[in-house]
There are 2 protein chains.
Amino acid sequence: MMIDWPLFGIFLATTYAAGATGAFFSPDGWYDRIDKPKWTPPNWLFPVAWFVLYICMAYAATRVAISGSPLLVYALAIWGLQVAFNTLWSPVFFGLHRPGAALLVLCGMWISVLAMAVSFYQTDMFAGLLIAPYVVWTSYAWALNFSIWRRNRGAAQPAGA
Amino acid sequence: MMIDWPLFGIFLATTYAAGATGAFFSPDGWYDRIDKPKWTPPNWLFPVAWFVLYICMAYAATRVAISGSPLLVYALAIWGLQVAFNTLWSPVFFGLHRPGAALLVLCGMWISVLAMAVSFYQTDMFAGLLIAPYVVWTSYAWALNFSIWRRNRGAAQPAGA
């Protein structure tokens, strides 16, 4: 399968625009202080994981787009939906310090990422498999966000939060 | 042209997920206080404009998706790109109070919205015309953001900003 480079470029730019949100809104003093589970990943893992996931996602989307399948328009529509949720999460969690609201965003993101994996798989099997790590990471992020929300529910918001 | 309702639903959900960012990050005391040009729209106009623009965008994207054009995958890829920039702007402007950084986001958004209008027009003429108000609104938003950035460049960031 020949790769369509302009198309891959647009999809990769999209993931980086979504990822810019994580650069603007990243772990801060509030995040360092709040009660987190033992299995919280080290901060350096987040950008590394996203770097790999974004390349996989962009390549998978390119494969879907050039697959010629009649289902590809649904798959690309769902791609746009998960982009919105992906961009939204960091500002709500790290910007507003609202783990509860961020958990709702992650619910929408998890559903759209799972739907994307399924629709990509139906369009191009390998593209679907490339989304599997993203499903795993989003599930892990959901569990982490849920745990943080539960542990800090009663805690007063720090000043300026 | 028959409308594909599930597809329209996904596109509309995408715009609302992107728009949620404007609900989480909306005009605050900082925005009320900073120096703004005379032609700044009243705050109530923003959600009204977006409500209309989102419906136009979602319907236009649906028309593109079902057009059968070989160019539609580029058009839908660009759709995803502008979704990311659209979601990113409000947190950077209203959340971080950084008009300069927000202006850079708007540059990316303006280019992607214009590219979307052109690619939609090439795929389905009416879909392209439906994006025209979005181009106008984004241009206006850019001019407003630019003016606010210039007027408040020297001003100290208020506490908590």
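Residues numbered from 1 in each chain as written. Chains lettered and ligands numbered in written order. Predicted model: local features only at pLDDT ≥ 70, side-chain atom pairs only at ≥ 80, totals over all residues. Heavy atoms only, no water.

## Remarks on unusual backbone geometry
All names here are of chain A.
Then, number 1: A positive phi angle, near 55°, is found at histidine 97, a position not held by glycine.
Then, number 2: Mapping histidine 97 onto the fold places it in the loop between α4 (72–95) and α5 (99–123).
Then, number 3: A residue is classified by how much of its surface remains accessible, and histidine 97, at 9% relative accessible area, is buried. (Helix = DSSP H or I, 4+ residues; strand = E, 2+ residues; numbered from the N terminus. Buried < 20%, exposed > 50% of the residue type's maximum accessible area, 1.4 Å probe, protein only.)

## A short note on the relation of the copies chain B and chain A
Then, number 1: When chain B is brought onto chain A, the operation consists of a screw motion whose angular component is 180° and whose axial shift is 0.0 Å, with 0.0 Å RMSD remaining. What the superposition gives is, in effect, a two-fold axis relating one chain to the other. Using C-alpha coordinates, one finds that chain B approaches the rotation axis most closely at B:Gly80, a distance of 2.3 Å. (Least-squares fit on C-alpha atoms with pLDDT ≥ 70 in both.)

## Looking at the nonpolar core
Then, number 1: Of all hydrophobic cores here, the largest spans 112 residues; its most connected members are A:Phe120 and B:Phe120.
Then, number 2: Sequence-distant contacts of A:Phe120, defined by excluding residues within four places in its chain, comprise A:Ala60, A:Ala61, A:Val64, A:Ala75, A:Trp79, A:Met125, A:Ala127, A:Gly128 and A:Ile131. (Core = buried A, V, L, I, M, F, W, Y, C linked by side-chain atoms within 4.5 Å. Contact = heavy atoms within 4.5 Å.)

## Thoughts on the interface of chain B and chain A
Then, number 1: The partner chain A presents 33 residues to the 33 residues of chain B that form the contact.
Then, number 2: For the pair chain B and chain A, the summed buried surface comes to about 2,600 Å²; carbon and sulfur atoms form 84% of the total.
Then, number 3: Where chain B meets chain A, there are two residue pairs in polar contact (both at pLDDT 80 or more).
Then, number 4: For the side of chain B that touches chain A, the secondary structure elements donating two or more residues are α1 (5–24), α4 (72–95) and α5 (99–123) of chain B.
Then, number 5: Per-element tally for the side of chain B that touches chain A: the top contributor is α4(B), with 16 residues.
Then, number 6: Among the residues making up the side of chain B that touches chain A, the classes are represented as 27 nonpolar, four polar and two charged. (Buried area = accessible area lost by both parts, 1.4 Å probe. Polar contact = N/O pair within 3.5 Å; in protein donor to acceptor, adjacent residues only side chain to side chain. Nonpolar A, V, L, I, M, F, W, Y, C, P; charged D, E, K, R; others polar.)

## Some points on the packing of aromatic side chains
Then, number 1: Under the counting rule described, the total for this entry stands at 35 aromatic pairs over all chains.
Then, number 2: Between B:Tyr16 and B:Tyr54, the aromatic rings sit 6.0 Å apart at their centres with planes inclined by 55°, giving tilted as the arrangement. With a gap of 38 residues between them, B:Tyr16 in helix α1 and B:Tyr54 in helix α3 (residues 45–65) connect regions that are remote in the sequence.
Then, number 3: Here B:Tyr54 falls in the buried class, since its relative accessible area comes to 6%.
Then, number 4: An aromatic cluster of three or more residues is present, and its members are A:Tyr16, A:Trp39, A:Phe46, A:Trp50, A:Tyr54, A:Tyr134, A:Trp137 and A:Tyr140.
Then, number 5: Above the plane of the ring of B:Trp149 lies B:Arg153, whose end atom (NZ or CZ) is 4.9 Å from the centre. (Phe/Tyr/Trp six-rings, centres within 6.5 Å; stacked < 30°, edge-to-face > 60°. Lys NZ or Arg CZ within 6 Å of the ring centre and 35° of its normal.)

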